[in-house]
Each structure stands twice: as structure tokens, then as C-alpha cells.
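For reference, the chains in residue letters:
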Amino acid sequence: MTEPAITPELIAAHGLKPDEYARILEIIGREPSFTELGIFSAMWNEHCSYKSSKKWLRTLPTTGPQVICGPGENAGVVDIGDGQAVIFKMESHNHPSYIEPHQGAATGVGGILRDVFTMGARPIAAMNALSFGLPDHPKTAHLVKGVVEGVGSYGNAFGVPTVGGEVRFHRSYNGNCLVNAFAAGLADADKIFYSIASGVGMPVVYLGAKTGRDGVGGATMASAEFDDTIEEKRPTVQVGDPFTEKRLLEACLELMASGAVISIQDMGAAGLTCSAVEMGDKGGLGIKLNLDAVPQREARMTAYEMMLSESQERMLMVLKPSMEPQARAIFEKWDLDFAIVGETIPEDRFLILHGGEIKADLPLSKLSSSAPEYDRPWVPTPAAAPLGTVPAIEPMEALKALIGSPSYAHKAWVWEQYDSQVMADTVVTPGLGAGVVRVHGTGKALAFTSDVTPRYVKANPIEGGKQAVAEAYRNLCAVGARPLATTDNLNFGNPEKPEIMGQFVGAIQGIGLAVAALDMPIVSGNVSLYNETDGQGILPTPTIGAVGLLASVDDIIAGRPGPSDLAVVVGETHGHLGQSALLAEAFGIESGDAPAVDLVAERRNGEFIRAQRGLIAACADLSDGGLALAAFEMAEGAGIGLTLDSQDIPTLFGEDQARYLVAVKPGDLAAFAAAAKAAGVAVAQVGEFGGASVKIGAQVSALAELSAVYRGAFAQKLGL
Amino acid sequence: MKAAIITFPGSNCDRDLAQAFERAGADVVRVWHKDSALPAGTDVVGVPGGFSFGDYLRCGAIAAQSPISTAVRAHAARGGYVLGICNGFQVLTEMGLLPGALMRNAGLKFMCKTVGLKVAMTDSAYTSGYVLGQTIQVPIAHHDGNYTVDAETLALIEGDGRVAFRYAENPNGSMGDIAGVLSENRRVLGMMPHPERVVDPLNGGTDGQPLFQGLIGNMALA
């Protein structure tokens, strides 16, 4: 087969800018072959190279005594004591999910699970944060149905409990949904596997599923804006096979336990290219690959296709040569492909052989280290205009507007399609705040949450970035967990626009300040840029996934109050309505500034909640929707009514930060108030739980009536 | 009492089932599907939930052809106990050890939630620990749990009192609200809900415990 000539059109079609191509010519001193052009485009696209974001990501706090391994590996590794570690990361699969929702979302879950078990950890929990366009947009219901089905189909079959997540709707996602998948795994702290290759002449082994043409050029696609040719991109979406992934997990963990593995890297974006370059580059070695040995699903695949294929459920490994027979036996047991496809070489070369020909011969270290890096121009986001007059609304009407909107309605339609209990360690299932999973075979537990309020980030990227972290911190504290560390999944529009880049820079600054103040460093993450359709960017959505530790399952704070428990707000209420859920859902108003985040107060109040767990019958964080929504969710979840004394809209629906709603037994109130006073924490009794109706000030509604609205709205508004 | 828990390559509730048996006091042996024999002295075989071979076509159909299946059939033919949960139930119908088939849920969606189950008979080792008519809370997690059987067989199993559990509120379209069904000798039980997920109060209840304890207790008497 003759390969296409390298023309300016071909170069542009690979997403390479003229100056980037000039850099390629400079590095290799000749025109690249077709395969080489493909390799460069795979390594240098935004998705793999982080060329627009690297400069800013470096500013994030990533270290701490609890951090065993920060960003740069497949996932972050955090110490949880007793020689154990939790390994986690969050990653987007936005573009593929918009093109083919079921497979796009499924392979997003598959990819993040692989990131975790590549490091030697058995996945123990998953979450997913989903953002869709307006419920009545013609594509939305189809996307919701497909994405939820896809997430479920993969996680359920693989056998990892999905214990949390978020689902939101906003018109800015009409043409560009977000699918952010989180996974966490458990491993012994001294048995973590990394991607750094070592030793010359070591076999490079290909494991898992066969290579097909699916996903060729996927990472390049994910680094471009969408337009009306989107449907033509369907063939670049990969197809997931959770059954193969489950076998790959078991085979990899067995192989790792055998001591045969030197280094391992999963084949994710840009498959064979990215994984081989990463292992070689980290180890200061070259890699020689013989593509004739690659297990292939389709006939007559070219070197170009094999190097760029994003077929799922594949791993690349550098193996101890003496242990090859044992390794082969393990993979045969699980009926998976095992092939020696190359070796490590001493010189700085990435040498690709196919059909007796050299298809690529590149300086390996230059592929990642010489990748372009941009200091994109950016402008700070201007200060938000003050919030004008707020239209009048009665409290009960306001509550109904929130609980009847798909963004704030009960999400059982979603999470009941996910197996949340497989592995039999789930302690707190989805629905209220953070999910909690026992550390298998111990009395410890881990809590997981994912949070961001994109409206805040758009109005004020710095405060919005801080708020996303602060809310995650609160959700962990609310179940009694000590926040440990964070993963960030940064979804933004086109970074070549200075105002979008300004959102990105601001959000990173805010996130950095918050993770430093709250001692929950960033240990892994992912950046997804170019989330735009026809020039319209999404709301900036830096999703924060966070993990907390409970020394004992007995320390878990419940989420459901009992009848006659008192409702007490912890933290100061000022009634901030700017960018609030109430204004957005009841009136379509998205104006004013985001609420300010006082990180000192966040930490003080979070520590107070954890210290006073003995006096707290139940707890929830206060975030968007404010006191009224959180109180309703707690009461409804327990199947009991509620009385809130105030009827002041800003008090009920304001979104001031650093606040919790706690349920306290009447006999414990005095002790709780005294403890708060001693800690310098503001507390105020705002009502009580119990009865069969919801009373807000002078208004009353039957719990059953509100419950029907709350539980029915999601499917109803989406026509599902 | 020795329980042999089978692992197919796509099983994912095998560890959970093994633990539930251990918790109830059984000696547990894990068995790989490519093995051709059960461990000597096996009293009960546990066929766990999961997606045995991916289950992209008919759930459990390939598992029923695994080498271990011959041994499981022989064990059942000898009057041995076999408990199949979720995918395990699907596998047992495919092996021909239980009548009927598990079709796609009537609502077409995967469903994971805790449901009420009515104990429909107590005349079996599995159900002797419950009170007849008692409602227990047990989670389901399946896409294909819609129990379907021809009218004649349905009449037979109903008339014979072989329905072990019925859904209090039918979640998946199963005929006769059937959630679990027994073999003629009442020693093979298949059920879609997951009793092994409710043996520890921390996980949301202990309504699954009497099933395992009853089974082991009956065997100690035998």
C-alpha cells in the first residue's frame, strides 16, 4: 500500500499547526513518514501533551505527607495507613460520549478503571459527574439515556460499585455534554506499579484485547472543537468490552503478584504510541516495536493504524525475561492475548518495524519532552456585576421550583442503573452526599465525592475554583471522613480564546488555594479543552473528585435524621443569592457574583463537625439550593417531615459557604452549642425534623406531595 | 460443611458469596470454571453473580458449557445442594437444573435497589430460617431478571410449592412475581436478589443471613 504524501492539508488534518510541523522537521531533519506524522500528532495533541495547560498545572499543590505518588503516573497514590494506599483519578470522555453516548461513556469508565489497576490496585469504587444540555433540547434525553446505560453497562459487568456522582443540566452543554469518570482502587503501599521502564533488552509485552481500527485518531478528535460534521466522527469512537477488562484486571493483578512486571502502562489515548513512548521516556530508554507481532482483530492493518488505534482493554508491559513462561500461563488462564512485540533498546530511538520495513524511526525522548508548550494569552475574568433586584417568590413555590428541576430532583433514575453494592463493602449508597466504602477486611472506610458549581466558576473563576474544592471537603466531613486528597477534571472551552484561558487560569488559582488551605493536595487529574460547539463554550466545569478516610466505620455520620431531631445550621448565614440555584431554576437568572469562600472558616467548621460526631444525629453540607433544599433532602431521605422557622428567601435559599445542616437530638443541643462556642463556630437552630408535612414559615405542604414532585421530576422533565 | 464457590472469568460476586458462606460458618473452597471436578466432600455449590462470559448474548449460556458444569450437574443429580444467585440463577437455568429463563427486565433497564421479598415457602433448607409470608429486604442488581416459564411448568412449580421467594412489588416483570425457584427435590435454588449482600448490618441489613444459616443448619442435621 502506498502511503499518502505529506501535504499541508494532511498536516492540518492531523491537528498540527504549521509551526508545530516546522518543529518536527527541525527535530528529525527530514520529512516524516505517514506513520511518523501520525505518531507526532498523537503525542502532541492537547489531550496527550497538555500543551496549553501544563504551565498552570505545575502551580497546583501536589505534595503532602499522605501523598505517595502525585500527578504524572496513571493515577495518584495516597497513604491510608496500615501499609495500604488508595489510588484514584478522574478523567473525561466528553467528545466520544456526545458522538456515541453508550460506548463513549462505557469506554470512559473502562479507561479510568484501567488507570487504577495498571498501578496494581483493585478498583473498589467509581463515580461519574455528568453535565448535559437543557432537558428539552432534542438531543438531551438520548444522551442521558445512552450515557447512563453506558456507564452502568461497563461498571456493573466489571464489578465495581458506583457510589456517587453528579448530574446537571445547562444550555451551555447542549452541543457538548461532559462525562467525567472517577475510579479508586486499593493496594498495598509497597506494591504499587509504575510506568518507568528499566533495563536494556527487556521484552515489551502486549496484553489484553486485540488491536482493531477503532478509535484511530481519537485523541486528535478530542482536541478539536465540534461543528456540524460531528456525525462523521462516529467511527473514531471505541467500543468497550467490560468482560475483557475484568479478565485483564484479574490477569494483571495475578501477574503483578508473581513479581514478573518491571513496568506497565495501559493503552488509553493514542494507544500503542503513547504507552510505549511513556515507558521508554520515563526510563531513559529507546523502544523497538515489531508490529507483525501485535495481535490484530482486522486484516491488513497498516503501521499507522496500529500505532494510533484506541482499541480498548489493552496493556503494554516490560517484563522480566526469566518470568515469561509464568506470565504467559497467567494470560492463557484468562484467555487473553499475550505477545512479545518489542524490546527496550539503549539508544534514544522509537523504532517501528512492520512487514520488514522501518515505518518510523524517531528520537523517543523528543516525542514527549519536545512537545510544544504554550503560554496562551489570557485575560482575567472581569468582576461580576452586582445582583440586581430579586423577583419575589413564596418559599414553598421556591422549593418546588428546585425539586421539580432535573438538576436538583431525586436522581434514582440514574443511580439505580448502577450496581452500587457489588463487592459487598458499600456502607453509604448514592443519594445523599458522599458515598462510603469499607476498606475490605478492615474496620476502616473511604469516602468519595465529586463536586463543582459551574455557574460560580463562570462568574468568578477563582472563588468558583475554591468553592468546588470546599464543597468536596464539606461532603467528606459531613460523613465524618478526614479529607485526604483530590483529583481534578478540568473541562473548559477553547484555550486559544483569552477569556476562556482566563477562566482556566482563575479556576486553577482558586483550586490551588483551596487544596493548600484544606490539606487535600491534587494527586491526579485530566484536562479537557475545546469543549465548544460552533464557537460556544461550555460553562467552565472543573470537576473535583475527592477522597476521605474514616479510621473506623463507627465514625460515620449518618445522612438521615430521626423524628424530633432539631435542625441546626453550622456556619454563618448571610443570604448570598448571586448565581444561586434558586435564581437559575425559578427565574432563569444567572447573575451576581459567586459566593465568597472563606477557607479558614471551611477548615474550622469541617474540623468541628468531625470532632462533634458524637453529638450529631445526621449531617449534610449546604451548597447550591441552600438550607431549604438540604433540609428537604435530608428529611425526604428519612421519610419524615420538616419544619423550618424562617420564611426569608435569602436565609432559606442563600448559598453562603462553610455551612452544614446537622440534626441534633434535643437533649444534645446544649452540649452541641457549648462545643460550638468553644470552637468559635456559629450555630443556629433553624427548625426541626419530623411529622408528615413540610412547613416553611407559614406555609405547609404534605411531604408525600413534595416527594412525588422530587422523585418524579427527573424522568418526567426528560421524557424518559 | 463445605461450600464450593465457582468463579467464571466474568463472575464478580464470587468473593461476596464466599464471605457470606464463611460468615455463616462454612468451609469455603474457590473453584475455577476450567476445573473438571468439585473438591471432595463438597456439600453445596455456590454459583455467584456477575457476567460469567460477558453475557452479551444469552446470560449464562456459555457458562453452562464450562468444564465445571458437568461436575455441578452430577453433584445436583446426586442430590447435592446448589445455590445460584443472579447470574448464577441464569446459569442454573441454562444448565437445565432449574426450569424457565431470565429475560430482559420489563422496564429494559438495569436495576440496582433493595426490594421486599415475600418468603413463599419454608419447606427447604434455604428458607427454613424464615417465617412463611415474612417480607425480607434484599437488594437486586440485574438487567435480565424477568423470570419466564411456559404455563404448564409454571402451574407445576406453583402447585408443587417450589417458589421460594416472590417480589412484594414486581420490579422486572417476572411471572407470578417469582424471585427465586427451587428444583423438584428443593436442593437447587436459583434467585435473582442478592442475599449475600445483606449479611452484615453495616451493608444495610441482615435479611440474607437466615438463608445461609438455615442451609448450614439443615446440613448439620442431615
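Residues numbered from 1 in each chain as written. Chains lettered and ligands numbered in written order. Predicted model: local features only at pLDDT ≥ 70, side-chain atom pairs only at ≥ 80, totals over all residues. Heavy atoms only, no water.

### A few points about the overall build of chain B
Along the backbone of chain B there are five helices and eleven strands. Taken over C-alpha atoms, the radius of gyration comes to 16 Å for chain B, in line with the 17 Å a tight globule of 222 residues would show. Each principal axis of the C-alpha atoms in chain B carries an extent, and together these give about 40 × 35 × 35 Å. Across chain B, the fraction of contacts at a sequence separation of at least 24, relative to all contacts at a separation of at least 6, is 72%. Roughly 8100 Å² of accessible area belongs to chain B as shown, and the carbon and sulfur atoms make up 52% of that amount. On chain B, the mean spot of the 17 positive side-chain charges and the mean spot of the 20 negative ones are 3 Å from each other. (Helix = DSSP H or I, 4+ residues; strand = E, 2+ residues; numbered from the N terminus. Rg over C-alpha atoms; globule rule 2.2 N^0.38 Å. Contact = heavy atoms within 4.5 Å. Areas by Shrake-Rupley, 256 points an atom, 1.4 Å probe, with all protein chains shown as cover. Lys, Arg positive; Asp, Glu negative; His and termini not counted. Charge placed at Lys NZ, Arg CZ, Asp CG, Glu CD.)

### Observations regarding the sheet that holds strand β1 (residues 67-69) of chain A
All names here are of chain A. Across the sheet, six strands lie side by side as β1-β2-β3-β6-β4-β5; this open sheet has mixed pairing. Where the open sheet ends on each side, the last strands, each with one partner, are β1 and β5 (162-169). Neighbour to neighbour, the strand axes of the sheet diverge by 20 degrees on average, direction disregarded. Alignment of strand β4 (residues 122-132) against β5, held across seven bridges, turns out to be parallel. (Pairing = 2+ DSSP bridges. Axes fitted to C-alpha atoms, helices over the stretch in contact; angles between N-to-C directions.)

### Digging into the nonpolar core
Of all hydrophobic cores here, the largest spans 69 residues; its most connected members are B:I6, B:F21, B:L117, B:F165, B:L189 and B:L211. For this core, the element with the most residues is helix α5 (residues 209-221) of chain B, which contributes five residues. If near-sequence neighbours (up to four positions away) are discounted, B:L117 is found in contact with B:Q134, B:T135, B:I136, B:V138, B:F165, B:R166, B:Y167, B:A168, B:A179, B:M191 and B:P193. In this structure, A:A105, A:L143, A:F158 and A:V205 belong to the second largest nonpolar core, which totals 67 residues. (Core = buried A, V, L, I, M, F, W, Y, C linked by side-chain atoms within 4.5 Å. Buried < 20%, exposed > 50% of the residue type's maximum accessible area, 1.4 Å probe, protein only.)

### Details of the pattern of salt bridges
Enumeration according to the criterion identifies 51 salt bridges over all chains in this entry. Here B:R197 makes a salt bridge to A:D419, at a shortest N to O gap of 2.9 Å. Of this pair, B:R197 sits in the loop between β11 (188-191) and α5 while A:D419 sits in the loop between α16 (412-415) and β14 (426-428), which puts the two residues in different chains. A relative accessible area of 3% means that B:R197 is categorised as buried. For A:D419, a relative accessible area of 3% gives the class buried. (Salt bridge = Lys/Arg side-chain N within 4 Å of Asp/Glu carboxyl O.)

### Re helix α13 (residues 324-333) of chain A
Residues and elements named next belong to chain A. If you check which residues of α13 are buried, you get A327, I330 and F331. All buried residues of α13 lie within an arc of 95 degrees about the axis, which places them on one face of the element. Away from its buried face by more than 90 degrees, α13 exposes P325 and E332. The secondary structure elements touched by the buried residues of α13 are β7 (203-208), α10 (242-258), β10 (314-319) and β11 (337-345). (Arc of directions from axis to C-beta.)

### Let's talk about the UniProt feature "binding site: substrate" (unreviewed entry) in chain A
Residues and elements named next belong to chain A. In the numbering used here, UniProt assigns the "binding site: substrate" (unreviewed entry) feature to S92, H93, N94, H95, R114, Q238, E310, S311, Q312 and S528. Within the element layout of this structure, E310 appears in the loop between α12 (303-308) and β10. On the basis of relative accessibility, which here comes to 5%, the residue E310 falls in the buried class. Within polar-contact distance, the side chain of E310 engages the side chain of Q238 at 2.9 Å. As for its placement among the helices and strands, Q312 is situated in the loop between α12 and β10. (UniProt positions renumbered as here; feature names shortened; annotations may be inferred. Polar contact = N/O pair within 3.5 Å; in protein donor to acceptor, adjacent residues only side chain to side chain.)

### A look at the confidence of the model for chain B
When pLDDT is averaged across chain B, the result is 97; 99% of the residues are at 70 or more. Of the two predicted TM-score estimates for the complex, the pTM is 0.96 and the ipTM is 0.96. (pLDDT = per-residue confidence, 0-100.)

### Considerations on the sheet that holds β10(A)
All names here are of chain A. Strand order in the open sheet formed by seven strands is β8-β10-β7-β11-β9-β12-β13, with mixed pairing between adjacent strands. Lying at the two open borders of the sheet, with one neighbouring strand each, are β8 (261-266) and β13 (357-362). This sheet shows a mean twist of 25 degrees between the axes of neighbouring strands, independent of strand direction. Across four bridges, the pairing between strand β9 (residues 286-290) and strand β12 (residues 350-354) is parallel. Counterpart to K288 in the pairing with β12 is L351. Its contacts with the sheet put α10 on β7, β8 and β10, and the angle it makes with β10 is roughly 10 degrees. Lying on the sheet, helix α11 (residues 271-283) is in contact with β8, β9, β10 and β12; it crosses β10 at an angle near 30 degrees.

### Notes on unusual backbone geometry
Residue and element names in this part refer to chain A. Within the chain, D335 stands out as a residue other than glycine whose phi angle is a positive 55 degrees. Its place among the elements puts D335 in the loop between α13 and β11. By relative accessible area, which is 46% here, D335 ends up partly exposed. A positive phi is found at D519, a non-glycine position, where the angle reads about 55 degrees. Counting through the fold element by element, D519 comes out in the loop between α19 (498-517) and β18 (522-528). Of the residues examined, D519 reaches a relative accessible area of 34% and is grouped as partly exposed.

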